[in-house]
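# Per-entry structural report
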Amino acid sequence: MQWDKVKNVLIVILAAVNLFLLGNLGARLWQNMQREAELDSSLRTLAQGYGLTLDEDFKLPDDKELPELSVDRSRQDEEAVAAAALGDEMERAEREDGTVIFESSRGSIEWYADGRVQGSFTTEEGMPENEKAALRVARRLFADWRLQTDDARTAADGMTVTLSGTVAGLPVFNRTISVRFDAENHVTLSGLWCFGIPYTTVSGSGVSCNAADALLEFISRRSAAETVLSMEVGYRMQLDSSRRLQLTPTWKIVTDSGEYLVDCDKKTIIDQEN
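What comes next concerns the included structure.

### Notes on the overall build of the chain
Counting its regular elements, the chain contains four helices and 16 strands. Buried positions account for 39% of the 274 residues belonging to the chain. The long-range fraction of contacts in the chain, counting pairs at least 24 apart against all pairs at least 6 apart in sequence, stands at 54%. Carbon and sulfur atoms make up 49% of the accessible area of the chain, which totals about 15,800 Å².

### Section: helix H4 (residues 211–221)
All of the buried residues in H4 are Ala211, Ala212, Ala214, Leu215, Glu217, Phe218 and Ile219. Where H4 begins, the capping side chain belongs to asparagine 210, and its oxygen is found 3.1 Å from the backbone nitrogen of alanine 212.

### A look at the pattern of salt bridges
One pass over the structure, following the stated rule, counts eleven salt bridges. The residue glutamate 94 makes a salt bridge to arginine 75 at a minimum N-O spacing of 3.0 Å. In this pair, glutamate 94 is assigned in strand S4 (residues 91–94) and arginine 75 in helix H2 (residues 75–86), connecting sequence segments 19 residues apart. Since its relative accessible area comes to 34%, arginine 75 is described here as partly exposed.

### Overview of the side chain of lysine 252
Tracing the sequence through the fold places lysine 252 in strand S14 (residues 245–255). The residues contacting lysine 252, other than those within four sequence positions of it, are Phe173, Ser230, Met231, Glu232, Glu259, Tyr260 and Leu261.

### Description of the pairing of strand S15 (residues 258–263)
By the criterion of burial, S15 is predominantly enclosed, with five of the six residues buried. Alignment of S14 against S15, held across six bridges, turns out to be antiparallel. Across the sheet, threonine 250 pairs through a bridge with aspartate 263, a residue of S15. Hairpin connection from S14 to S15: two residues lie between these consecutive antiparallel strands.

### Thoughts on the packing of aromatic side chains
Under the definition given, this model contains four aromatic pairs. On the numbers, 5.7 Å between centres and 45° between planes, the contact of tryptophan 111 with phenylalanine 195 is tilted. Here tryptophan 111 is found in strand S6 (residues 107–111), whereas its partner phenylalanine 195 is found in the loop between strand S11 (186–192) and strand S12 (206–209), with 84 residues between them in sequence. Here tryptophan 111 matches phenylalanine 195 in class, with each residue buried. Relative to tryptophan 145, the ring of phenylalanine 142 has its centre 6.1 Å away and its plane inclined at 80°; by these criteria the two rings are edge-to-face. Taking the relative accessible area as the measure of exposure, tryptophan 145 reaches 2% and is therefore buried. An aromatic cluster is defined as three or more aromatic residues linked by ring pairs; in this entry it consists of Phe121, Phe142 and Trp145.

Each value, and the rule that gives it
- Residues numbered from 1 in each chain as written.
- Predicted model: local features only at pLDDT ≥ 70, side-chain atom pairs only at ≥ 80, totals over all residues.
- Heavy atoms only, no water.
- Helix = DSSP H or I, 4+ residues; strand = E, 2+ residues; numbered from the N terminus.
- Buried < 20%, exposed > 50% of the residue type's maximum accessible area, 1.4 Å probe, protein only.
- Contact = heavy atoms within 4.5 Å.
- Areas by Shrake-Rupley, 256 points an atom, 1.4 Å probe, with all protein chains shown as cover.
- Polar contact = N/O pair within 3.5 Å; in protein donor to acceptor, adjacent residues only side chain to side chain.
- Salt bridge = Lys/Arg side-chain N within 4 Å of Asp/Glu carboxyl O.
- Pairing = 2+ DSSP bridges.
- Phe/Tyr/Trp six-rings, centres within 6.5 Å; stacked < 30°, edge-to-face > 60°.

Take a look at the structure:
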């Protein structure tokens, strides 16, 4: 009998503790919701003051801390792509600035030290009849050129098809490569691409990507009236002062007139993509 009473008391105590913890959690969630609502209202007011608006469905993303990454240039992979596109009789030449030029009777491809690539050559695929066919043919070409990866995404815009990939599930906003079907059996290749697995250096540290800071920087710098539709965090590819390819944490802000990149660390607008 005594044990039954003790057990009941313990059950009541545990229930009370659980209710207290649940209430505390609920209060914290409510406070967080209140803070988010206040921040959203403040950002919308500030944006209006600068002549911009935040879309009705816009939601500020969560803050992130991302590492700066490095990736080594692979001339071997660049040559493999060129050989697959230009054929076995391809010739190779390299300039002092690191640009590698591949040529054959089909055309040429140039690969720069900063990852930029451009080429113009013929293929045996023929001219696609429509956008859907262009997407299908481009995917086959990307696979033949060993550019297709498990996380790669392709998108078509008329006769131009663009390939993009991710790093650790996050987009690299300017790491894209496009193929444009110009005429019968002829294509144009352009973009910015790298190979291999990115890595952190010994001295590498995380970069704080604060969404509100990036949005405020964008709002204060833009003079034209625009509507901010969305924003997401990821990376951008660039060549550092040591001529090494880097993947730098970056926000992409999408508006009704274009897309903008904001450096997470420096809080500066990098470029515009339309």
